[in-house]
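# Fold and contact review
Residue strings, one per chain:
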Amino acid sequence: MKTNREQWSSKIGFILSTAGAAIGLGAIWKFPYVTGMNGGGAFFLLFVVFTVLIGLPLLISELIIGRGAGKEAVTAYKVLAPNSHWPWIGRLGIVGCFLLLSFYSVVGGWVLIYSARAIPGTVITDSADYAEMFGAVTGSPLVTLIGLALFLLINIIVVSFGIKKGIEQASKLLMPLLFIFFIILVVRSLTLDGAMEGVRFFLRPDFSNITAEGVLYALGQSFFSLAVGFSCMVTYSSYLNKEVSIPSSAGSVAGMNIFVSLLAGLAIFPVVFAFGLEPTEGPGLLFIVLPSVFSQMPFGELFLCLFLLLFLFATLTSSFSLLEIIVSAFTESGKRRRKPVTLIAGIVVFFAGIPAALSSSTISGFHLFGLTVFDATDYLVSNILLPVGSLLIAVFIIYRMESSLVEQEFKLSSGLASPWYSIWKNLMRYLIPITIIVVFLTTIGVFGSA
């Protein structure tokens, strides 16, 4: 059955939606504390270099596959490589997105709960113990499950309206707000006494502070920062018309991602240094350290609220893409309607996320390979499924997809000369597969611990 597929209404709508898919937990939550733990400026410089050399070419590859086929993740590989096993790349992507969304939504629920408490000003109080407060949220089965349900409900509502009326409209609203809130926070951070020490730590490269482990972290951060590996961008680009340049759009998304990481560092490190804290605080930086810091600032509750809201916006725009790849796989034929499929998918993700949600409470004593369910799912998705998916995509686009179609999609509406295409192709053929294999073997312990 031939169906009329939706398309993004504009290039800016596609770029904002794609950037929203890429900018999430990794850019705003993980990036600052990983940077703080791995040398500051040197880590950030390596992250930028690796994003350009590794993440960007992979993003271009997924966009080429999606628009070249004009189909979502699974069907795209069926169209481009009929009667083969290559569609399993798309199926792997769906499984990966499903697992990722199941625990990603748990964190999204935490942020939603904190945001709801911050708006009326009930997070920062004179007697607040922020570690205890965070423990009360994550340690309460009822609270975590309510947060999980509400977060997924927002996703269900947005994705059920489709590409133009749902994801694109939400991204056009949330992404500009994210940048506005970020800039307000950066300005406030930079005006604190002692802020410049934090800026120097973040932007002045000192490679004496970087270790081999830090290099691998920077590589991994850039590798996963653009939402590549699970064919989410294959699905997103399948709605893209032929008048949009893929390299230009991918470059805009990568640039926005680097810019958000820059803003995250400038919003957090000046605050951390201004109040005499250590930049190596770790994952508790957002929920424990920053509330205690904002409590010591004039209008601290307002700035904490802004920070939590921008974090919520980024988390939502990323989760939209994860749910969309699942929904589109079951609605591509036109035999199933989007809204009931989205509702069912959201409900299934909710039940799949319950073990991760209860990992800090009811089933905290249950471990898989020494990890909680939450951490084990995170490890499986980030360290195994994602690099495997990325490697398969790199192999597919170079050795299986028709080269003339690849070149056509790369150059279409871009005006880029052949040398740029050759550079991209050589990166995909040599540097990126080797890098993926090295990172994968390191993370699983073959070359030592990452």
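Residues numbered from 1 in each chain as written. Predicted model: local features only at pLDDT ≥ 70, side-chain atom pairs only at ≥ 80, totals over all residues. Heavy atoms only, no water.

- The name that an unreviewed UniProt entry assigns to the protein chain is Transporter, with the source organism given as Sediminibacillus dalangtanensis.
- The Sequence similarities (unreviewed entry) field of the UniProt record for the protein chain holds the comment "Belongs to the sodium:neurotransmitter symporter (SNF) (TC 2.A.22) family."
- A UniProt comment under Subcellular location (unreviewed entry) is attached to the protein chain, and it reads "Membrane". (UniProt positions renumbered as here; feature names shortened; annotations may be inferred.)

### Thoughts on the overall build of the protein chain
- Helix and strand counts for the protein chain come out as 18 helices and zero strands.
- For the protein chain, the spread of C-alpha atoms along the three principal axes comes to 65 × 50 × 45 Å.
- Here the protein chain holds 450 residues, and the buried ones make up 57% of them.
- Pairs at least 24 residues apart make up 84% of the contacts formed inside the protein chain by residues separated by at least 6 positions.
- When the accessible surface of the protein chain is split by element, carbon and sulfur atoms take 66% of a total near 17,700 Å². (Helix = DSSP H or I, 4+ residues; strand = E, 2+ residues; numbered from the N terminus. Buried < 20%, exposed > 50% of the residue type's maximum accessible area, 1.4 Å probe, protein only. Contact = heavy atoms within 4.5 Å. Areas by Shrake-Rupley, 256 points an atom, 1.4 Å probe, with all protein chains shown as cover.)

### Focus: a nonpolar patch on the surface
- A cluster of nonpolar side chains, L45, V49, V52, L53, F207 and L431, forms an exposed patch at the surface whose accessible area comes to about 460 Å².
- The biggest single contributor to the nonpolar patch is helix α3 (residues 41-69), with four residues.
- Here V49 lies in helix α3. (Patch = residues over 30% accessible without salt bridge, like charges linked within 9 Å, V, L, I, M, F, W, Y side chains within 5 Å. Salt bridge = Lys/Arg side-chain N within 4 Å of Asp/Glu carboxyl O.)

### A short note on the side chain of T435
- Checked against the element boundaries, T435 lands in helix α18 (residues 418-443).
- Ignoring sequence-local partners within four residues, the contact set of T435 consists of I54 and L219.

### Some remarks on the nonpolar core
- Of all hydrophobic cores here, the largest spans 160 residues; its most connected members are I28 and I65.
- Counting residues per element, this core draws most heavily on helix α14 (residues 300-331), at 19 residues.
- Leaving out residues up to four positions away in the same chain, I65 has contacts with A76, Y77, L80, V234, I393, F396, I397 and M401. (Core = buried A, V, L, I, M, F, W, Y, C linked by side-chain atoms within 4.5 Å.)

### Comments concerning the packing of aromatic side chains
- Under the criterion given, the structure shown has 20 aromatic pairs.
- For the pair W110 and F134, a centre-to-centre distance of 5.5 Å together with 90 degrees between the ring planes defines the contact as edge-to-face. Note that W110 is positioned in helix α5 (residues 88-118) and F134 in helix α6 (residues 130-138), a separation of 24 residues in sequence.
- One residue, R91, lies across the ring of W88, its end atom 4.6 Å from the ring centre.
- Lying across the ring of F161, K339 places its NZ or CZ 4.8 Å from the centre. (Phe/Tyr/Trp six-rings, centres within 6.5 Å; stacked < 30°, edge-to-face > 60°. Lys NZ or Arg CZ within 6 Å of the ring centre and 35° of its normal.)

### Considerations on the packing of α3 against helix α4 (residues 73-80)
- Where α3 meets α4, the closest approach of the two axes is 9 Å, and the angle between their N-to-C directions is 75 degrees. Looking at the two axes, α3 sits roughly perpendicular to α4. Facing I65, G68 and A69 of α3, the residues of α4 in contact are A76, Y77, V79 and L80.
- Residues belonging to the contact of α3 with α4 are distributed by class as follows: six nonpolar, one polar and no charged. (Axes fitted to C-alpha atoms, helices over the stretch in contact; angles between N-to-C directions. Parallel < 35°, antiparallel > 145°, perpendicular 65-115°, else oblique. Nonpolar A, V, L, I, M, F, W, Y, C, P; charged D, E, K, R; others polar.)

### Here we look at the pattern of salt bridges
- Under the definition given, this model contains six salt bridges.
- Bridged by salt links that share partners, the residues R67, K242 and E409 form one connected network.

### Comments concerning the environment of V446
- Here V446 shows up in the segment after α18.
- Given the relative accessible area of 51%, V446 is considered exposed.
- As for V446 and P387, which are separated by 59 residues in sequence, their C-alpha atoms are 15 Å apart.

### Here's the deal with the side chain of T317
- In this fold, T317 is placed in helix α14.
- Judged by relative accessible area, which is 1%, T317 ranks as buried.
- A distance of 2.9 Å separates a polar side-chain atom of T317 from the backbone oxygen of G20.
- In this structure the side chain of T317 is engaged in a polar contact, spanning 3.1 Å, whose partner is the backbone oxygen of A314. (Polar contact = N/O pair within 3.5 Å; in protein donor to acceptor, adjacent residues only side chain to side chain.)

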